[in-house]
Amino acid sequence: MAASASVVPAAVTAAVVPVLSTSGDFSNLREIKKQLLLIAGLTRERGLLHSSKWSAELAFSLPPLPLAELQPPPPITEEDAQDMDAYTLAKAYFDVKEYDRAAHFLHGCNSKKAYFLYMYSRYLSGEKKKDDETVDSLGPLEKGQVKNEALRELRVELSKKHQARELDGFGLYLYGVVLRKLDLVKEAIDVFVEATHVLPLHWGAWLELCNLITDKEMLKFLSLPDTWMKEFFLAHIYTELQLIEEALQKYQNLIDVGFSKSSYIVSQIAVAYHNIRDIDKALSIFNELRKQDPYRIENMDTFSNLLYVRSMKSELSYLAHNLCEIDKYRVETCCVIGNYYSLRSQHEKAALYFQRALKLNPRYLGAWTLMGHEYMEMKNTSAAIQAYRHAIEVNKRDYRAWYGLGQTYEILKMPFYCLYYYRRAHQLRPNDSRMLVALGECYEKLNQLVEAKKCYWRAYAVGDVEKMALVKLAKLHEQLTESEQAAQCYIKYIQDIYSCGEIVEHLEESTAFRYLAQYYFKCKLWDEASTCAQKCCAFNDTREEGKALLRQILQLRNQGETPSTEMPAPFFLPVSLSANNTPTRRVSPLNLSSATP
């Protein structure tokens, strides 16, 4: 009798829907917490564990609710009551991954919850069979060629329900996933947008939508619901689209309104700083996050990328051992171990762990890109190309994969292919100097020198990471016998490396001093020529030329040759040169293939 008291007619279920409606502001955090707890329960009942975990983590970051404000579970409909036994049994089978068995006992159920679990079980059964077929017989590079045989049947059935407007928010989400798996991207986007309108609290639908948006223009044309969940979505998509300033602003706003304790937001901020190569800031945030949540595995592969860039072997080793103790069969753990072996130049072992990660999840973007890098290190260009192509199939926004393909075709001496891939990488990272320098080199090989000059100058203007753009631009001017412009570029280069305060070994420093010494000598500026010639003597490859030039200057001075008083206005030597100090040296900056694994 007690159970029957909570059963309500199907018509009353409409009363449940307003509870899930969300306003576009954060003025009532208690109401938001209630909504998060409710959706965490609803997603858990349907086996959507990642969405449930996300909602529960976000709810945990908000202040606890008093007993009087805790919400009772949603009312049970007549259909739910009729399907209760079958649903309870099937859910138990679903939880132990017996998906076919779960679907068998749910066949014929009419309630929305049971129907979703029935369809979702069939979908996961197809995914599991697809993975089982390939895990032993084929390597991960061929895995993308095997299809889930259940998808077409699911699409037909869900399409009928969709046309009859019988799908709830969860059903729409599953329909969208099936369409995406069948590469029907436009239809999938429309269905996911509809799902966010019907059930705006379900994070899974927002995340799937995020994975299908390729640029900001596409985002503008989406008709999204005005809800507080939209702010989390926008922050996430801005991070993915490399619009880092906008993303950080969104996350800061979310922290200001009350989500300061959210480990998800903190980790996303760290990822954003990683994406703009603010390595120190990102490392600091990840270290804080590890203190707050020491057993967290999400995003730890990104943390390991940062440790890799800084060559922090002991910290990376500790992280790898720690994650192994927590869960050695997580994708992130395999990637961390792969990065560790890569840092130790054990590239075969590294590739093995990235393959292991892809056996666990063939759609894990980071592992494909990292494996491409390892194959590049092993000079296996065909396997590298295949890995990078798989990374692009998973996510067309992965600039590292496009750049990796460009590098591979550069090795294969195929400049037109190379140009195409570098252009794609540049479109995704328009303010990344490495993409621009690579493009410039490509144009140079194709003898398109005007385009090459534009690329090198743009690379310098956006902030040259590797301090090579000006040297390459100067050499181009040299090639075109534009001596004044070449000298100007070399002077800017020298000024930059002496004023940046970094302790860096610049391989082209001697080249710059040699050219400037000769340029000033031709201009009869003996003092400047003498200073640059003395600098040449500090480098092995220019020492003899420097000494010869100093002897010539001394000889001309003894003969009474007068120095010129004319000199183009922009040309002046850095003050630090007159003090005869040379920058201290360290290892030169890493290239992209290692700097962003």
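Fair warning: this is a prediction, and the values are worked out from it, not measured in the lab. (Residues numbered from 1 in each chain as written. Predicted model: local features only at pLDDT ≥ 70, side-chain atom pairs only at ≥ 80, totals over all residues. Heavy atoms only, no water.)

Remarks on the overall build of the protein chain
Step number 1: Helices and strands together make up the secondary structure of the protein chain, namely 33 helices and two strands.
Step number 2: In the protein chain, which comprises 597 residues, the proportion classed as buried is 52%.
Step number 3: Within the protein chain, residue pairs in contact and separated by at least 24 positions form 61% of the contacts whose partners lie at least 6 positions apart.
Step number 4: For the protein chain, the exposed surface amounts to about 28,700 Å²; the carbon and sulfur share of it is 52%. (Helix = DSSP H or I, 4+ residues; strand = E, 2+ residues; numbered from the N terminus. Buried < 20%, exposed > 50% of the residue type's maximum accessible area, 1.4 Å probe, protein only. Contact = heavy atoms within 4.5 Å. Areas by Shrake-Rupley, 256 points an atom, 1.4 Å probe, with all protein chains shown as cover.)

Side note on the side chain of Lys113
Step number 1: With respect to the helices, strands and loops of the structure, Lys113 is situated in helix 7 (residues 112–137).
Step number 2: What makes Lys113 buried here is its relative accessible area of 16%.

Some details on the packing of aromatic side chains
Step number 1: By the definition in use, this model includes 29 aromatic pairs.
Step number 2: An angle of 75° between the planes, with centres 6.1 Å apart, marks the rings of Trp228 and Phe232 as edge-to-face. Residue Trp228 and its partner Phe232 are both found in helix 13 (residues 228–240); the two are separated by four residues, about one turn of the helix.
Step number 3: Under the relative-accessibility criterion, Phe232 is labelled buried at 0%.
Step number 4: Ring plane angle 55° and centroid distance 5.6 Å describe the contact between Phe521 and Trp526, whose orientation is recorded as tilted.
Step number 5: Through pairs of rings, three or more aromatic residues link up here, namely Trp54, Trp203, Trp228, Phe232, Phe259 and Tyr264. (Phe/Tyr/Trp six-rings, centres within 6.5 Å; stacked < 30°, edge-to-face > 60°.)

Focus: the UniProt feature "repeat: TPR" (unreviewed entry) in the protein chain
Step number 1: The UniProt record marks residues 331–364 and 365–398 with the feature "repeat: TPR" (unreviewed entry), using the residue numbering of this structure.
Step number 2: Summarising residues 331–364: 79% helix, 0% strand, and an end-to-end C-alpha distance of 8 Å.
Step number 3: Taken end to end, residues 365–398 comprises 79% helix and 0% strand; its first and last C-alpha atoms sit 8 Å apart. (UniProt positions renumbered as here; feature names shortened; annotations may be inferred.)

A look at the pattern of salt bridges
Step number 1: Applying the stated criterion across every chain, the model contains 29 salt bridges.
Step number 2: In this structure, Arg46 and Glu45 form a salt bridge, with 3.7 Å as the shortest nitrogen-oxygen distance.
Step number 3: Residue Arg46 is classed as buried on the basis of its relative accessible area, which comes to 8%.
Step number 4: Residue classification places Glu45 among the partly exposed positions, given a relative accessible area of 30%.
Step number 5: Of the charged contacts, one joins Lys130 and Glu127 as a salt bridge, the two residues approaching to 3.6 Å between their closest N and O atoms. Placement of both Lys130 and Glu127 in helix 7 is noted, with a separation of three residues, approximately one turn of the helix.
Step number 6: Judged by its relative accessible area of 14%, Lys130 is buried.
Step number 7: Relative accessible area serves as the criterion here: at 13%, Glu127 is assigned to the buried category. (Salt bridge = Lys/Arg side-chain N within 4 Å of Asp/Glu carboxyl O.)

Here we look at the confidence of the model for the protein chain
Step number 1: Looking at the protein chain as a whole, the pLDDT averages 83, with 86% of positions reaching at least 70.
Step number 2: Low pLDDT, under 50, characterises residues 1–21; the predicted model gives this stretch 24 contacts beyond four residues in sequence or across chains.
Step number 3: Scored below 50 in pLDDT, residues 567–597 shows 76 contacts in the model against residues more than four places distant or in partner chains. (pLDDT = per-residue confidence, 0-100.)

A few points about the packing of helix 24 (residues 415–428) against helix 25 (residues 433–445)
Each pair of packed helices can be summarised by the angle the axes make with each other and by the distance between the axes.
Step number 1: Here helix 24 crosses helix 25 at 155°, and the two axes come no closer than 9 Å. Taken together, the axis directions place helix 24 and helix 25 in an arrangement best described as roughly antiparallel. For helix 24 against helix 25, the interelement crossing comes out left-handed. Residues Pro415, Cys418, Leu419, Tyr422, Arg423, Ala425 and His426 of helix 24 touch helix 25, and the partners they reach there are Met435, Leu436, Ala438, Leu439, Cys442 and Tyr443. (Axes fitted to C-alpha atoms, helices over the stretch in contact; angles between N-to-C directions. Parallel < 35°, antiparallel > 145°, perpendicular 65-115°, else oblique. Left-handed = near helix turned anticlockwise from the far one by under 90°.)

Notes on the packing of helix 23 (residues 399–411) against helix 25
Step number 1: Interaxial distance between helix 23 and helix 25 falls to 12 Å at its minimum, and their mutual angle equals 30°. For the element pair helix 23 / helix 25, the angle class is roughly parallel. Crossing of helix 23 over helix 25 shows left-handed handedness. Counting all contacts with helix 23, which are made through Tyr399, Tyr403 and Glu410, the residues of helix 25 involved are Arg434, Met435, Ala438, Glu441 and Lys445.

Some details on helix 16 (residues 279–292)
Step number 1: In a regular helix each residue adds 1.5 Å, so 14 residues correspond to 20 Å; helix 16 covers 20 Å between its end C-alpha atoms and thus fits that length.
Step number 2: Regarding helix 16, the residues found buried are Ile279, Ala282, Leu283, Ile285, Phe286, Leu289 and Arg290. Down the axis of helix 16, the smallest arc covering the buried residues is 165°, so these residues share one side. Counted as exposed and oriented over 90 degrees from the buried face of helix 16: Asp280, Lys291 and Gln292.
Step number 3: Among the structural elements, helix 15 (263–275), helix 17 (300–309) and helix 18 (313–327) are those in contact with the buried residues of helix 16. (Expected span 1.5 Å × (residues − 1). Arc of directions from axis to C-beta.)

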